[in-house]
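Observations on chain architecture
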Amino acid sequence: MRHAGTLVRVSTSTIDDHAAPPAHTHRTWGKAFDDLRRGWQQKELWGHLGWQDIKQRYRRSVLGPIWITLSMAVTAVGLGLLYSQLFSADIPNFLPYVTVGFIVWNFVAGCVNEGAEVFISNEGLIKFLPSPLSVHVYRLVWRQVLFFLHNLLVWIAMLAIFPPDGVVAHWKLTMLMAIPAFIILALNGLWVAFLTGVISTRFRDIPPIIGSVMQLLFFGTPIVWELKTLSERTQITKDVLELNPFLHFVEMLRQPMLGRDIIWHHWVVAGIITVVGWVLALLFMRNYRARVSYWV
Amino acid sequence: MVSIDVWNASVEFPIFDAKTRSLKKAVLGKAGGKIGTDQKVPVIEALRDINLSIQHGDRIGLVGHNGAGKSTLLRLLSGIYEPTRGDARIIGRVAPVFDLGVGMDPEISGYENIMIRGLFLGMSRREMLKRVNDIAEFSELGNYLSMPLRTYSTGMRVRLALGVVTSIDPEILLLDEGIGAVDAEFMEKARDRLKDLVKRSGLLVFASHSDELLMELCNSVIWMDRGQIKMQGSLRDVLTVYKGRDPFENLPQHVLERIGESR
């Protein structure tokens with residue numbers, strides 16, 4: 001299609017001694033890992049944006065991000081009191097239980113629900129700025145981490161008011177296991193956001209499906225009720241509930257946070273899910289990463 | 001050394017309407033067997049068989065009618081779109097300036113926007129802090145910089161955005177047109193900064209309809225037509241064919257002197 005006779009080469013560049021193209025390089029594991037690595041290197045960017053998201057939400061309000069803490073406190077105390085009456089549980093044990101359950105659930109649900117929209121909601125940035133896709137995912141999980149840290153203030157208040165020195169909970173060294181538990185949880189937040197993000201960008205029905213499933217799973221996860229009160233009644237119900245992956249993550253982090261005994265099988269399940277999930281997410285990253293900017 | 005190489009690259013956009021993008025069709029479609037050709041998602045071929053090799057020091061202008069593929073080519077060169085067929089290799093840090101508004105948040109102050117915009121363009125926090133004063137001085141926004149961006153007029157926003165964009169040190173600079181909406185006096189100032197920026201950058205690709213800007217910033221031109229490269233070569237040759245007349249013919253003497261060309 002070039003004009004015959006008028007073809008003049010672009011200054012220093014030539015087409016004829018154009019180096020041979022590299023082997024086909026779109027769908028490789030290397031590119032998927034490269035995306036993760038380069039995204040991580042831009043931590044100043046997503047770190048700043050994650051903060052910005054939070055400040056943004058409470059801009060011009062007098063209390064600012066303290067509202068995160070306050071609304072969590074109100075929900076946890078309100079529902080904790082209500083359900084402790086319903087299940088006739090004792091408040092010093094049950095209130096911290098519900099609080100921590102809510103804090104962990106908020107993190108999990110935030111990663112899953114917003115993860116489905118992670119690329120769709122960043123359409124403008126994806127189409128105009130060539131940044132690794134992982135930047136958007138890191139930003140999302142970082143924002144959820146910041147929410148979590150704000151909510152931890154409620155947890156600290158609960159520990160102060162109802163210290164874990166009763167029958168089911170004590171101050172003990174295994175409480176430190178909350179730190180690795182949270183890291184595992186955050187790692188899962190990353191793969192979930194990648195996987196659901198890519199699929200949702202292609203199929204726009206996924207986010208509402210995920211939204212309603214998450215609402216249902218909230219009730220299937222021991223947050224306002226306790227697994228042991230159920231398992232005392234029927235073994236079958238407990239076995240069915242154990243199929244809910246969120247149950248294991250909530251239990252894994254909540255037990256050390258409350259100073260309760262750690263049940264290791266939740267850690268095993270969570271660990272398996274982490275590995276399988278990451279393999280799946282990397283597979284999707286490998287095959288569809290380059291398609292996301294076409295799909296958004 | 002910065003460079004961009006593209007081999008036989010095509011960019012094709014799948015067009016999902018609300019129905020084909022949904023799961024329903026994908027799932028039910030499999031179960032119900034094929035119904036004619038509507039299984040296939042229609043595709044728009046925005047770029048076809050692009051071959052390019054751009055080296056350090058190249059200053060390339062992109063011309064072509066609306067929809068000829070200039071912006072898509074810029075996005076291919078920036079790495080936003082990986083070619084659906086063919087290959088592209090980009091070596092160097094890309095600073096894309098496609099839309100002055102992207103990454104700007106109306107609710108936060110001018111200062112904060114400078115920071116975010118800079119981070120998006122690949123600068124670090126520290127580098128941006130060093131440049132804030134320079135940007136403030138250039139944009140002449142004064143105390144407005146601590147006001148939220150939504151209080152700015154369009155022209156003021158462009159000033160801010162141009163200030164940030166022209167303060168960075170890009171390796172690969174990709175400019176799309178749309179640098180307007182500023183008063184003439186300011187444009188004169190921006191032009192100098194833009195030229196400085198181009199000098200600092202290792203490689204420039206600039207899509208524009210303005211002959212004058214092309215002549216000032218570029219030394220060669222690619223003419224895009226219907227998603228393909230119709231012609232590429234020196235600025236004067238390509239523009240002469242593209243416009244049907246020598247673009248340097250009617251330029252006033254002082255402009256010619258500035259560009260360093262003769263009639």
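Quick caveat: nothing in here was measured; it's all calculated off a predicted structure.

Attention now moves to the packing of helix α4 (residues 91-116) of chain A against helix α7 (residues 178-202) of chain A. Residues and elements named next belong to chain A. It is at 7 Å that the axes of α4 and α7 come closest, and there the two elements cross at 25°. For the element pair α4 / α7, the angle class is roughly parallel. Both α4 and α7 take part in a crossing whose hand is right-handed. Residues V104, F107, V108, C111, V112, G115 and A116 of α4 form the contact with α7, whose participating residues are F182, L185, A186, G189, V192, A193, T196, G197 and S200.

Residues and elements named next belong to chain B. Spatially, six strands are ordered β5-β6-β7-β3-β8-β9 in an open sheet, and the strand pairing comes out mixed. Lying at the two open borders of the sheet, with one neighbouring strand each, are β5 (94-97) and β9 (228-234). Each adjacent strand pair in this sheet contributes to an overall mean axis angle of 15°, direction not counted.

All names here are of chain B. Taken across its six residues, strand β8 (residues 220-225) has six buried, putting it largely inside the fold. Residues S220, I222 and M224 of β8 are buried on one face, and the alternating residues V221, W223 and D225, pointing to the opposite face, are buried as well. As paired elements, strand β3 (residues 59-63) and β8 share four bridges and run parallel to each other. Residue pairing in the sheet places G61 in a bridge with V221 of β8.

To continue, consider the packing of aromatic side chains. Enumeration according to the criterion identifies 21 aromatic pairs over all chains in this entry. On the numbers, 5.3 Å between centres and 75° between planes, the contact of A:W40 with A:Y138 is edge-to-face. Remark: A:Y138 occurs in helix α6 (residues 134-161) and A:W40 occurs in helix α1 (residues 29-41); sequence separation between them is 98 residues. Classification of A:Y138 as buried rests on a relative accessible area of 8%. Ring geometry for A:Y294 versus B:Y81: centroids 5.0 Å apart, planes at 40°, classification tilted. Linking A:Y294 in helix α13 (residues 292-295) with B:Y81 in the loop between α2 (70-78) and β4 (85-91), this pair reaches from one chain into another. Residue B:Y81 is classed as buried on the basis of its relative accessible area, which comes to 4%. By way of ring pairs, the aromatic residues A:F102, A:W105, A:F218, A:F219 and A:F246 are connected into one cluster.

It is worth spelling out the sheet that holds strand β2 (residues 43-55) of chain B at this point. All names here are of chain B. Taken in spatial order, the three strands line up as β2-β1-β4 in an open sheet, and their pairing is antiparallel. The open sheet is flanked by β2 and β4, the only strands paired with a single partner. Averaged over all adjacent pairs, the angle separating strand axes in this sheet is 25°, with direction ignored. Pairing of strand β1 (residues 3-14) with β2 involves nine bridges; the strand directions are antiparallel. Looking at β2, one finds that V11 is bridged to L47. Against the sheet, α2 contacts β1, β2 and β4, and its axis sits at roughly 55° relative to β2.

What follows deals with the nonpolar core. Membership of the largest hydrophobic core comes to 166 residues, with the highest contact counts inside it found for A:F107, A:F119, A:L253, B:L52, B:L73, B:L77 and B:M224. With 14 residues, α4(A) is the largest single contributor of residues to this core. Setting aside its immediate chain neighbours within four residues, B:L73 contacts B:L47, B:I50, B:L52, B:L62 and B:M224. Membership of the second largest hydrophobic core comes to five residues, among which are A:Y58, A:I68, A:L146 and A:F147.

Of all residues in chain B, 84% have pLDDT values of 70 or greater, and the mean over the chain is 82. Across residues 32-38 of chain B, confidence stays below pLDDT 50; counting only partners more than four residues off in sequence or on other chains, it has three contacts.

What follows is about the pattern of salt bridges. One pass over the full model with this rule turns up 23 salt bridges over all chains. Across the pair B:R85 and B:E45 runs a salt bridge whose closest N-O atoms are separated by 3.2 Å. Residue B:R85 is found in strand β4, and its partner B:E45 is found in strand β2; the two are separated by 40 residues along the sequence. With relative accessibility at 39%, the residue B:R85 sits in the partly exposed group. When salt bridges with common partners are traced through the structure, they connect A:D53, A:E114, A:R139 and A:R143 into a single cluster.

Reading the values: the criteria
Residues numbered from 1 in each chain as written. Chains lettered and ligands numbered in written order. Predicted model: local features only at pLDDT ≥ 70, side-chain atom pairs only at ≥ 80, totals over all residues. Heavy atoms only, no water. Axes fitted to C-alpha atoms, helices over the stretch in contact; angles between N-to-C directions. Helix = DSSP H or I, 4+ residues; strand = E, 2+ residues; numbered from the N terminus. Parallel < 35°, antiparallel > 145°, perpendicular 65-115°, else oblique. Left-handed = near helix turned anticlockwise from the far one by under 90°. Contact = heavy atoms within 4.5 Å. Pairing = 2+ DSSP bridges. Buried < 20%, exposed > 50% of the residue type's maximum accessible area, 1.4 Å probe, protein only. Phe/Tyr/Trp six-rings, centres within 6.5 Å; stacked < 30°, edge-to-face > 60°. Core = buried A, V, L, I, M, F, W, Y, C linked by side-chain atoms within 4.5 Å. pLDDT = per-residue confidence, 0-100. Salt bridge = Lys/Arg side-chain N within 4 Å of Asp/Glu carboxyl O.

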